[in-house]
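Structural overview
What follows is the residue order along each chain.
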Amino acid sequence: MKKKLTNLPPTYNAQKVEQDIYAQWEKGGYFLPKRRPNTKTKKPFIISLPPPNATGTLHLGHAMMLAIEDLMIRYHRLKGEEVLWVPGTDHAAIATQNVVEKKIWQEEKKTRHDLGRETLLRRIEEFVEQSRGTIRSQFRRMGASLDWSHERYTLDEGLSRCVRMIFKMMYDDGLIYRGNRVVNWCTRCQTTLADDEVEHRETTATLYTFRYSKDFPILIASTRPETKLGDTAVAVHPDDERYRQFVGQTLTVSFAGKELTIRIVADPVVDREFGTGAVGVTPAHSQADAEIAERHKLPAVKVVDEAGAMTDEAGPDFAELPVSDVRTKVVAWLRKHKLIEKEETVPQNLTVCYRCETPVEPLVSKQWFVAVNKLFELRQDTLGNVRTEKGAIATLKVLMQNAVESGQITIIPDRFQKTYLQWIYNLRDWCISRQIWFGHRIPVWYRPKADQPGAGLEIYVGIEPPKVDGWEQDPDTLDTWFSSGLWTFSTLLKQDGTAATLENWQAESPDLKRYHPTSVLETGYDILFFWVARMVLMTTYALGEVPFRTVYLHGLVRDKDGRKMSKSLGNVIDPVDMIDKYGADAVRLSLIIGTTPGNDVRLYEEKIAGYRNFVNKLWNISRYILTTTTATDAPPKAKTLADRWILAEFEQLKHVVAKHIDAYRFSPAGEALYEFTWSKLADWYVETTKVEGGKDAILRHILRELLVLWHPFTPFVTEHIWQLLGESKPLISTNWPKIREVESVYEFSRIQETASAMRNLKQKHGNNLEMLYIVPGSWHETLATQRTLIETLGRSKINFAEQVPADVPKRVLDGATVFAMAATVDKKKLQTERDELERYITTLHQRIQSDNFSSRAPAAVIAKEKERLQQAKKKLKHL
RNA sequence: GGGCAAUUAGCUCAGAUGGUUAGAGCGCUUCGUUUACACCGAAGAGGUCGGGGGUUCAAAUCCCUCAUUGCCCACCA
């Protein structure tokens, strides 16, 4: 085992080793949560993998997510902590149903109605099963050390039961209600959409300023004249003198063949400056108008239906015609009767479906909602230090706010904290019912009231269907984010716990106790609202604790020109192609180094190729060490200055890398490793070993520990080399290296100068200057000459320049780069440093002491500043 | 309308609490195939840190202002 290796290929072949290594890890059970004895940290480290959509294939967003999460997971695992990384998939209701329906249409020209509910669901499940297999194998290709035994799917029975349980809980608490409200309706998807499932597109529209009829006293403006058939009022500002005389009147007009009853109401939301200062109120087709209508008790007339056609209410001329046709007809009617005062083209934010970009039709509809502003009684102590306890009164909004404001959840980067709070501030009741078939059926059953026929419906809400006949289940399904909002804890419930009840489900789930709250939630900032906020809402409500401690938001992966990657643009980079070509390690590095949380990254093939080159460099450093040194148990002992330098640098590196990773600064951690490995170890130290023999112990030692440091970034190549080193246990399960005591790095500085500048150097550092000559590269002379130089001058403590042997040509010396290390402490520099530090400590101290700071700054900030003060004091002592 | 971010080398980007001469990768120029590596090595060019003002012993970093770009939120009919 302990012998030199020969015949290692000069080029690292990732394709050849990666899949075997992954299989070996998985087979060895290294992904299962396990705490190593003697580990100080008792708390487990948990990440719930943001579940990819069941129809998806691996894209760069996933790749980035996996690279970052696997980095954290492996780091904590190496530190001996018990780590759990829960994988899974999301059924992604609308998205998935759309995909499958489209596919079926293309292949068989059948719609979902041709197939029927049962058949469509079966077809979707078949499709999903296949997709999940693809995703699983692709996630493995990335090297993700997921605990596959914990894999979950949002439609698993355990998770579905959890959905029904939470639904019932919220219903019982009065937080879920059914109501007639204006919702966003997608006429193509044939379903409601939540407020954040709609997007806005900048377009232009024609704004018509007109009267309903000749005798109507007020001009109104609209870009959608056809909806005016549903108007029941005109709203004006209460202080608007122009219209004051009309307020309170009810007028009847004949508009485009339909008789309208219009009340004139005064409402402060109306902007006097905009348009005519009067708004035609359409309560059934505008959320804003619905709110006005509610205040003034106005009726709502629904003139557009779910298919995007006019209803009977729109009058016989228009009923059942598509909205766009009716607009043309209404405008024509207005023109004919000379009612249009003005037509202008205005910029408009068109609201469209985020899935299919179809313009959204706001319409009034009977749906299920989650009430975010309703007061309810907490079921349990909630959120630790926040002023809440069992029985206290709160709203869901307050829970969401508290979780972040109290510092129980930290968002990285912190600017998103503001975004999050702002979003909650504007949040309205969440429409959770969807008119699609794929998903969690709403656990509500109806039956006609038995005693008085025709008197309406009786409602049953339950985890199980009603035991007696005669009940019919609500046909709708739940918004997919309802179930993914439960993800951090629904995945930890006992999967066979079918008997779980509202009373005992928490106690019955040991995993929930042990692994919740999770440590970090890592995801793209684009789903901060969709998902992250929903998880906070659901979890603080259901469990009385936060779902995670830290939210790490990564940016979006874009192409070289900063454009979004999309199939239509043809600029999509497939991560699997890149893995095939450059290896998973290179792909991972390209997504971690040079990226910062919350900021988009541009990725292109050259970048990945660059990191492939680095992986090969690491391979060749290892190859050199493996083939030229023998394994030894001797501890690494510094003999020459170069040894002392590299060992000190290495200890410094360990410190820096851990510090960065602990602070979620993955890119600087990777950069530090990269710099050490290539510029210090390979370019300088390894070169010295060629002329200064006897470095086996140091080289082997550094390589061994360096592989551990690199492992969270590049798991495959490090594991491969590790095993070539003859280690008995796989790298994945080894220990993170301890930091050893070394001479302070302040004692060394590396100086790179030309030989002719060396005299100045000597003057600067005095007689204590220790020099080491090495020849990094392009000398024209032979290795033997280099060796002579080093032997005669190398470790000289005196003025070497006068000792250059006569047979060394002057041009060699002048043209060469000299590697010199000053072992002296630069007293002046040290003093400056001390002064700065002292000043810094004074400043910090003053800041902390000041009333303004101590009374106003958040607790977390004060703690941080205090910690800084401690650190600075410690550092000063060290100097 | 409100908010957030970005603007640093030809390109893509780092620069934590202000602190030596502003960094990296790619690209470019010159040189070099010496037994870890040409997916390499050596040397080098290239920056008024978007403009202007201010605070400070010290500003890419903090403040004000302007410009450009991008994103998010919002019921302006």
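The name an unreviewed UniProt entry assigns to chain A is Valine--tRNA ligase, from the organism Candidatus Uhrbacteria bacterium RIFCSPLOWO2_01_FULL_47_25. Looking at chain A in UniProt, the text filed under Sequence similarities (unreviewed entry) is "Belongs to the class-I aminoacyl-tRNA synthetase family. ValS type 1 subfamily." Taken directly from UniProt, the Subcellular location (unreviewed entry) text for chain A runs: "Cytoplasm".

Strand order across the open sheet formed by three strands is β8-β7-β13, with antiparallel pairing between neighbours. A single partner strand is all that each edge strand has here, and the edge strands are β8 (220-222) and β13 (340-353). Neighbour-to-neighbour, the strand axes of this sheet turn through a mean angle of 25°, independent of strand direction. Helix-sheet contacts for helix α8 (residues 323-336) involve β7 (198-210) and β13, and the interaxial angle to β13 is about 165°.

At 3.6 residues per turn, the α-helix brings residues three or four places apart onto the same side. With 19 residues, helix α2 (residues 60-78) ought to run about 27 Å at 1.5 Å a step, and its terminal C-alpha atoms sit 26 Å apart, in line with that. By the criterion of burial, α2 is predominantly enclosed, with 18 of the 19 residues buried. Phi for G80, located one or two positions after α2, is positive at around 90°.

Right, let's get into unusual backbone geometry. Cis rather than trans, the peptide bond between I412 and P413 has omega equal to -5°. Topologically, P413 is positioned in the loop between β17 (410-412) and α10 (415-426). Here the residue pair H516 and P517 is connected by a cis peptide bond, since its omega of -5° sits within 30 degrees of zero. Assignment of secondary structure puts P517 in the loop between α13 (510-515) and β24 (518-524). Notably, E320 is not glycine yet its phi reads approximately 75°, a positive angle. What makes E320 exposed here is its relative accessible area of 67%.

Taken as a whole, this structure holds 45 salt bridges when the rule is applied. Between E151 and R132 there is a salt bridge, with its nearest N and O atoms 3.5 Å apart. Remark: R132 occurs in helix α5 (residues 117-141) and E151 occurs in the loop between α5 and β4 (152-153); sequence separation between them is 19 residues. Accessibility classification places E151 together with R132 in one group, the buried group. With its nearest N and O atoms 3.2 Å apart, the salt bridge here joins D172 to K168. Here D172 and its partner K168 are both found in helix α6 (residues 157-172), four residues apart, which amounts to about one turn of the helix. The class for D172 is partly exposed, based on a relative accessible area of 43%. One continuous salt-bridge network, built from bridges that share partners, spans E129, R132, R136 and E151.

Rules and cut-offs
- Residues numbered from 1 in each chain as written.
- Chains lettered and ligands numbered in written order.
- Predicted model: local features only at pLDDT ≥ 70, side-chain atom pairs only at ≥ 80, totals over all residues.
- Heavy atoms only, no water.
- UniProt positions renumbered as here; feature names shortened; annotations may be inferred.
- Pairing = 2+ DSSP bridges.
- Helix = DSSP H or I, 4+ residues; strand = E, 2+ residues; numbered from the N terminus.
- Axes fitted to C-alpha atoms, helices over the stretch in contact; angles between N-to-C directions.
- Contact = heavy atoms within 4.5 Å.
- Expected span 1.5 Å × (residues − 1).
- Buried < 20%, exposed > 50% of the residue type's maximum accessible area, 1.4 Å probe, protein only.
- Salt bridge = Lys/Arg side-chain N within 4 Å of Asp/Glu carboxyl O.

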